[in-house]
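Chain and residue survey
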Amino acid sequence: MLEAAAGPAPGGAEQRGSRFSVLTWEQVQRLDQILGEAVPIHGRGNFPTLSVRPRTIVQVVRSRLEKKGIPVHNVRLNGSAASHVLHQDSGLGYKDLDLIFGVDLKNEDVFQLVKDVVMDCLLDFLPEGVNKDKITPVTLKEAYVQKLVKVCNETDRWSLISLSNNSGKNVELKFVDSLRRQFEFSVDSFQIILDSLLLFGECSENPMAENFHPTVTGESMYGDFEEAMEHLRHRVIATRNPEEIRGGGLLKYCNLLVRGFKPKPEVDMKALQRYMCSRFFIDFSDIGEQLRKLECYLQSHFVGMESNRYDYLMTLHRVVNESTVCLMGHERRQTLNLIAMLAVRVLAEQNIIPTVTNVTCFYQPAPYVSEINFNYYVTHVQPFLPCNQSYPTWLPCN
């Protein structure tokens, strides 16, 4: 378990092109800090906020699963938090703590048992003095669970329980039997295996030090660990087969562009953008679904970065405008108008009111954005909303 002189050097892949690499001491320290920091899980209504360390959540959930006869093969830290551990100045930041439990989900009963175990753990995390006798699993789910997902088909068998956090820093517990596609882009393809660090904390009487700490291994689901690390260090956008990703990776791709990432030079990104757009509109074909998806993405991925939402929407508008080939003309215009309207709303929320010479007003929003509670809209005149364009449901205010 402890670092030894033999074997792969810390910070390097085991061999050229390897998926795996051993973390350096600095990376292990960052990982230990993330697992040791208390994360608030906010309750709805009168339910109290739970303050729990990710390390404790993993240990308790794992122990309960194994007591119920569900062996946990390993536990991994995934996504942007793993990228942050490997390279602190990645430009990605991190909010959600994505924890993956490798388990066998043989049937519906096991899916249900996993959910029951997590609810049971939440009950134990409630502070002293709370009367737990009448609190049911359904009540706990309503109080503390942000999102509950189950996928069971020929290629994918997994479930997700996302615990609520008002600042967007959700603790996401994913229980995976099989998952065909585990990353969107190379820079978020990292998974860090936590087992050795957790075991060290349970067994060692001495604190970690540079010459006395567990060997922690990371894996890149993209394939080549060192190549993915180079992309992370130099802020390069690279992926494979985006048509396999739900939503095509389109929203994440635009987010990376806004954060200063650049497409890999030798890759035809125009072709990849077309694949991304095609898959996005396959998965979210209805304009209402697109609205809900975009609102949810803006809410969860720009906490503390609200000023970037307008640039993000403009980038998304440009990519959709340039690369959408799978929609009929009116469908494409409908989506572009939706993105433009969201951009207008973002400006209004930020109280950015332009000068009169750069203002265009519109009455009566289109039916597909009827839930946006605005009677009129004020925005900078942009190329995507020319004044001379006619909209049957919008009346220019001259």
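Overview of the structure. Predicted model only: the values in this text are computed from it and were never measured.

**Some words on the nonpolar core**
Residues Leu31, Leu77, Phe101, Phe175 and Ile192 are the most contacted members of the largest nonpolar core, which totals 99 residues. By residue number, the principal contributor to this core is helix α4 (residues 108–125), which donates 10 residues. Apart from residues lying up to four places away in sequence, Phe101 is in contact with Val58, Val61, Arg62, Val72, Asn74, Val75, Leu173, Lys174, Phe175 and Val176. Core analysis: the next-biggest nonpolar cluster, separate from the first, contains six residues, Val151, Trp158, Leu160 and Leu179 among them.

**Remarks on the state of the cysteines**
On inspection of all chains with the given rule, the structure shows zero disulfides. Left unpaired, Cys254 is separated from the closest cysteine sulfur, that of Cys277, by 7.6 Å. With no disulfide of its own, Cys277 has Cys326 as its nearest cysteine by sulfur position, at a separation of 7.3 Å. In this structure Cys277 comes out as buried when scored by relative accessible area, which is 0%.

**Things to note about the pattern of salt bridges**
What the rule picks out here adds up to 22 salt bridges. Glu244 serves as the salt-bridge partner of Arg181, at 3.3 Å between the closest nitrogen and oxygen. Of the two residues, Arg181 is situated in the loop between β8 (171–178) and β9 (190–193) and Glu244 in the loop between β11 (236–237) and α8 (250–258); the sequence distance between them amounts to 63 residues. Arg181 gets classed as buried once you look at its relative accessible area, which sits at 14%.

**Looking at the pairing of strand β4 (residues 75–78)**
Here β4 shows two buried faces, one formed by Val75 and Leu77 and the other by Arg76 and Asn78. Relative to strand β5 (residues 97–102), β4 runs antiparallel, the two sharing four bridges. Along β5, the bridge assignment pairs Leu77 with Leu99.

**A look at the side chain of Asp283**
If you trace the backbone, Asp283 turns up in helix α9 (residues 269–283). Reaching out from Asp283, the side chain makes a polar contact with the backbone nitrogen of Gly247 at a distance of 2.6 Å. A distance of 2.6 Å separates a polar atom in the side chain of Asp283 from a polar atom in the side chain of Arg279. Sequence-distant contacts of Asp283, defined by excluding residues within four places in its chain, comprise Ile245, Arg246, Gly247 and Glu289.

Rules behind the numbers
Residues numbered from 1 in each chain as written. Predicted model: local features only at pLDDT ≥ 70, side-chain atom pairs only at ≥ 80, totals over all residues. Heavy atoms only, no water. Core = buried A, V, L, I, M, F, W, Y, C linked by side-chain atoms within 4.5 Å. Buried < 20%, exposed > 50% of the residue type's maximum accessible area, 1.4 Å probe, protein only. Helix = DSSP H or I, 4+ residues; strand = E, 2+ residues; numbered from the N terminus. Contact = heavy atoms within 4.5 Å. Disulfide = S-S within 2.5 Å. Salt bridge = Lys/Arg side-chain N within 4 Å of Asp/Glu carboxyl O. Pairing = 2+ DSSP bridges. Polar contact = N/O pair within 3.5 Å; in protein donor to acceptor, adjacent residues only side chain to side chain.

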